[in-house]
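# Working through the structure, step by step
In case you want the letters, here they are:
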Amino acid sequence: SAVISQKPSRDICQRGTSLTIQCQVDSQVTMMFWYRQQPGQSLTLIATANQGSEATYESGFVIDKFPISRPNLTFSTLTVSNLSPEDSSIYLCSVKTGGYSPLHFGNGTRLTVT
Amino acid sequence: AQSVSQHNHHVILSEAASLELGCNYSYGGTVNLFWYVQYPGQHLQLLLKYFSGDPLVKGIKGFEAEFIKSKFSFNLRKPSVQWSDTAEYFCAATGGGNKLTFGTGTQLKVEL
């Protein structure tokens, strides 16, 4: 398994600002993903963070709103831009350590937008 | 479209009661199935997974799940729950790729 450190654990941000979330893994992993868990809802995949290339976004998510960086095999960032109250959610980093491995999750970042 | 359904949103049980949480999926072809648990204030943890082979899968903490292909189901069971099992449980599936589709979760509360 992998140990995933996600920062910050929570934040309160004002409308119109941005928040960057960091995800650090204790080992090199090929697959890193960013999920969102809105209040009372399940987890939704935002994008796959690809090392050395642009992230692959799911339907309904765009790079301008959720820019992602993946400079190496152990680190990624997700920025949530131009925040609105609808962005209040838990954002989770997850990794896959092998072809048949399950996803491992970080502790998540609880974002509240005021 | 691929989907995962969990029909029980809130379950309340007394300690020592038996647990069964329903999960149905809608996938064509190969399916890999998972149950995750999120204890209060903690991150998602894998309880068990099914890729192939024996359809009765045993996981951590006494949990098990049975893959019934004809019913498109992967229900989670535990013969005797404990207060410490209070948590939210998520069923998830993937069609062999990397995109995991989650159910809406079941909040389990175990009372002493």
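Residues numbered from 1 in each chain as written. Chains lettered and ligands numbered in written order. Predicted model: local features only at pLDDT ≥ 70, side-chain atom pairs only at ≥ 80, totals over all residues. Heavy atoms only, no water.

This part covers the overall build of chain B. When its secondary structure is counted, chain B shows zero helices and twelve strands. Along chain B, helices (α) and strands (β) appear in the sequence β-β-β-β-β-β-β-β-β-β-β-β when read from the amino end. Computed over C-alpha atoms, the radius of gyration of chain B comes to 13 Å, within 12% of the 13 Å expected from 2.2 N^0.38 for 112 residues, which places it in the range of a compact globule. A burial count over chain B gives 45% of its 112 residues as buried. (Helix = DSSP H or I, 4+ residues; strand = E, 2+ residues; numbered from the N terminus. Rg over C-alpha atoms; globule rule 2.2 N^0.38 Å. Buried < 20%, exposed > 50% of the residue type's maximum accessible area, 1.4 Å probe, protein only.)

Below, the discussion takes up the pairing of strand β5 (residues 43-49) of chain A. Residue and element names in this part refer to chain A. With six of seven residues buried, β5 lies mostly within the body of the structure. Here strand β4 (residues 31-37) pairs with β5 via six bridges, running antiparallel. Bridge assignment links Gln37 to a residue of β5, and that residue is Leu43. Hairpin connection, β4 to β5: the antiparallel pair is bridged by five residues, and Gly40 has positive phi, about 75°. Relative to strand β6 (residues 56-57), β5 runs antiparallel, the two sharing two bridges. Counterpart to Thr48 in the pairing with β6 is Thr56. Linking two consecutive strands that pair antiparallel, namely β5 and β6, is a turn of six residues; a positive phi of about 85° is found at Gly52 within it. (Pairing = 2+ DSSP bridges.)

Attention shifts here to the environment of Arg15 of chain A. All names here are of chain A. Here Arg15 is to be found in the loop between β2 (10-13) and β3 (19-25). Note on Arg15: relative accessible area 57%, which makes it exposed. C-alpha separation for the pair Arg15 and Glu86, spaced 71 residues apart in sequence, amounts to 9.9 Å.

Contacts between the two partners involve 16 residues from chain B and, on the opposite side, 15 residues from chain A. Of the roughly 1,400 Å² buried at the junction of chain B and chain A (both faces included), carbon and sulfur atoms supply 59%. At the junction of chain B and chain A, the tally comes to five residue pairs in polar contact (both at pLDDT 80 or more). Secondary structure elements with two or more residues in the side of chain B that touches chain A: β5 (32-38) and β6 (45-50) of chain B. (Contact = heavy atoms within 4.5 Å. Buried area = accessible area lost by both parts, 1.4 Å probe. Polar contact = N/O pair within 3.5 Å; in protein donor to acceptor, adjacent residues only side chain to side chain.)

We now examine the environment of Gln24 of chain A. All names here are of chain A. In this fold, Gln24 is placed in strand β3. Separated by 19 residues in the primary sequence, Gln24 and Ser5 have C-alpha atoms spaced 5.1 Å apart. With near-sequence residues (within four places) excluded, Gln24 lies in contact with Val3, Ile4, Ser5, Thr74 and Phe75. At a separation of 3.3 Å, a polar atom in the side chain of Gln24 contacts the main-chain carbonyl oxygen of Thr74.

None of the figures reported here should be taken as evidence of function without further support.
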